[in-house]
Amino acid sequence: MVSTNVVTNGGNGTPPQPMAPKKPTPPSFALRARNFAAKSLRFGSTVVGIAVAANVASHIYELNQVDTFFGGNNTDSSSDKEGAQSDDKSKGKSKKSVLVLPFSNLKVVERRSGDFDDLKRLGPDRDKQPTIVLEAKELVKIIHTAASDPNITALHADFGEGMRFPCGLGHMEEIRNAIRVFNESHRRHRDPNTNHNPVFAMQRNGDPKQSYAFGHSFQWNEYFLASSFTHVHLQSRGALHLFGVTASNIFLRSALEKYGIKAHVFKHGDYKTAPNMFTEDKYSKPHLEAVKSMTASLNNTMFSCIEKARDLSFDSVMRKSMFDYGSLSAANGADLGLIDAMFPVDPLLSLLYANKEVAAGGKEKVEDGKDLIKAKKAKLEEIFGLNKSFDKFVATEQVSLVKYHEMMKKKAKLEERRKYFTKLAESSTAASLILSTIGLAPREAKLLPSKVEKVAVVTVDGSIGSSLSYEIIESLRKIRTDDDVKCLVLRVNSPGGSVTSSEAILEELKILEKPIICSMSNYAASGGYYISTSCEKMFANPTTITGSIGVFGIKLDASKWAKDYGIRTDYYPHGSHAASLNPLVPLTPRTKGNITRLIAGHYDYFKNIVANGRSMSVDEVEQVAQGRVWTGEQAKEVGLVDRLGGLDRAVSYAKSTHTKSESVDVEYWPRKKGFWDFISGKESLAGIISEAVALVKNSSDETDSIVHLFNEMSELKFAERPHFMLTMDEKTALDLILGRD
């Protein structure tokens, strides 16, 4: 018999049960954690590896893309050897391109808030010709880059039926100077952005580059810009409307009286004319004198620039005759030397097509026995009646302004990455070997300095109110704590604004403890000049509007309006001035005395800071103050600015005077908004919709402000606060009164 092991239950009759197998012991928490960490580490390493590989691949792709676009002239080669090979390859791949500047659809601004302007094209007009928005300094840099780019052989400006967006004269001067640098790119410029005769250090090989401007017609300001091109062409039936600079002002006195509103203005300086819109029906004698002086100076400056660019010489009689004659036909313009040729259409595309065929066909014979080049030239002459303007036009393809700008930005980003990889390679031999092997860092390179000297450019753009002053002050405080910033360039493009906001910016500048250089753009007047008084050097363009050293205050009195409509108001002040700012309370002698005293104090202080900043006596300042505006050229003569020139010249001065290293970074403040700022701030979709609605109204900013003023009147929304202003601009005054700063 075979015996088996069974489990009994104490003899109680329960059937025997087999023994249960042993359960495995579960792993401890520590072991599970180690396993999870190991898997996570392997997964993380894979992800990091993929990300690094993608980043490297993206960098190499963009590097090749930029190198191809610029024809092998990209300076970001990973090594000297590779750079030499790139140069050898590019010798046979030189392009001949023309850079097209679409001024008919180009909006030049001082500062963009962010890089999301293209999103504004998502409205109902997205299929129409899109607007290109560029900062003035961006456009200048593009033209300077094209001047040194051997692939760009010409510029072509398309003015179309006119510039849709007004461009400030200060901006135009800086663009003109950049075009002059392009025209003279066969020479090397020491000081490229100035209206004076250029100083040449050495000759370059090659012929001068050509630049062309074509338009269906030209207004005075448009022709001022177009005349800087080597060749100016006009549509055959087009006209030159060269009427000179015109100043226009709106006067609201009668309209305010009609509604029972009276504006009590307190000012120092007969030439402080911004508040005249509230108190006058026409130009006062000082106002008219100031307008005549300003427009005469601007016209003389612009005429002199045109004559110099076109190699003309008109006496004062001829200038006046041109202004008085009216519109000049294309034939008139050609006879006077103002244009070079008349064409029925823009000949650019036909010329490009002909040059491309010539480049492809060479000297092949055609049916009439002439070679291809002569045949194409004869055909173009038959269509356009071409003269010598296009003898040196050799471009075979065109490059859009948007594309060229995009590639420049990519190139700049690649340069920043190259600096980063170079610093990373300097950290260890292994990193240097790996990065140089895959072409992300040079094998042999000069060590980058651990600290780079900087010049900070702070742009004050627009009316100076609480919002703008807050933004500027925040930027200045960050710059003050950055020891690498050796100098500040204060770029001012403002007609002025609030006294308190201007004072807040000035006081912040005083404690900056860094040298400050001022660069004036289109405007730097009143409050714009006020904040500039702390600068050691002031640069202005000849057409900059500056000065306006004066202060005014306004007390609006709507008591008659309220009485006419049966509105009564009662109040109990705990003092003589408690209700003095209420628009329904009439002006009292005490209020008048109080405001007069405040305005006098502000004006005296304004004169004192100008006297200290410009090394003048208060009496000398009084002679050029009194609220009078000056052009940049006039301001230099009376001692209110130091030198003539644009932003590039001011930055160049800051670098040469206050930095020691050869390589200096230039930072621009306030910083442009990022994506999250865009979707959450004023540049959001709601902001875009509001802007579109404003465009649909098709009204000017000044007219819109006036309409808003009367809307505020009807709803009793007067701001009960004092309006003490440093501005020469009527629209700014309206906006400050309405609290729209």
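Quick note: structure is the one above.
The text that follows walks through the structure, step by step, so that each part is easy to find. One numbering rule holds for all chains: residues counted from 1, following each sequence as written. Side-chain atom pairs in this predicted model are given and counted only at pLDDT of 80 or more, local residue features only at pLDDT of at least 70, and totals for whole chains, interfaces and linings cover all residues. Think of the side-chain values as coming from all heavy atoms in the structure, minus any hydrogens and water.

**Examining helix H19 (residues 589-614)**
Threshold: Only runs of H or I of at least four residues qualify as helices and only runs of E of at least two qualify as strands under DSSP, and these elements are numbered from the N terminus. By this rule the span expected of a helix is its residue count minus one, scaled by 1.5 Å. Only protein chains enter the calculation, and the probe is 1.4 Å; a residue is then buried if its accessible area is under 20% of its type maximum, exposed if over 50%, and partly exposed in between.
Across its 26 residues, H19 extends 37 Å between first and last C-alpha, which sits within 8% of the 38 Å expected from 1.5 Å per residue. Residues of H19 that are buried include every one of Thr591, Asn594, Ile595, Ile599, Tyr603, Phe606, Lys607, Ile609, Val610, Ala611 and Arg614, and no others. Among the residues trailing H19, Ser615 stands out with phi positive, at a value near 55°.

**Re the packing of aromatic side chains**
Heads up, the rule is: The criterion for an aromatic pair is that two Phe, Tyr or Trp rings (for Trp, the six-membered ring) have centres within 6.5 Å, with stacked assigned to planes under 30 degrees apart, edge-to-face to planes over 60 apart and tilted to the rest.
What the rule picks out here adds up to 13 aromatic pairs. Aromatic pair Trp220 and Phe323: ring centres 5.4 Å apart, planes at 80°, arrangement edge-to-face. Highlighted residues: Trp220 in helix H5 (residues 220-226) and Phe323 in helix H9 (residues 316-325), separated in sequence by 103 residues. A relative accessible area of 22% places Phe323 in the partly exposed class. Ring plane angle 75° and centroid distance 4.9 Å describe the contact between Tyr530 and Phe606, whose orientation is recorded as edge-to-face. Taken as a pair, Tyr530 in helix H17 (residues 527-530) and Phe606 in helix H19 lie far apart in primary sequence, 76 residues in all. With respect to burial, Tyr530 and Phe606 carry one shared label: buried.

**A few points about the pattern of salt bridges**
Here is the rule: A side-chain nitrogen of Lys or Arg and a carboxyl oxygen of Asp or Glu constitute a salt bridge if their distance falls within 4 Å.
For the structure on display, the rule yields 21 salt bridges. Two residues, Glu667 and Lys454, come together in a salt bridge whose shortest N-O distance is 3.1 Å. Pair noted here: Glu667 is in strand S22 (residues 665-669) and Lys454 is in strand S13 (residues 454-461), with a separation of 213 residues, a long-range link. Pair check on accessibility: Glu667 and Lys454 agree, each one buried. Notably, a salt bridge pairs Lys607 with Glu622, separated by 3.0 Å at the nearest N-O pair. With Lys607 in helix H19 and Glu622 in helix H20 (residues 618-624), this residue pair connects regions lying 15 residues apart in the sequence. Of the residues examined, Lys607 reaches a relative accessible area of 10% and is grouped as buried.

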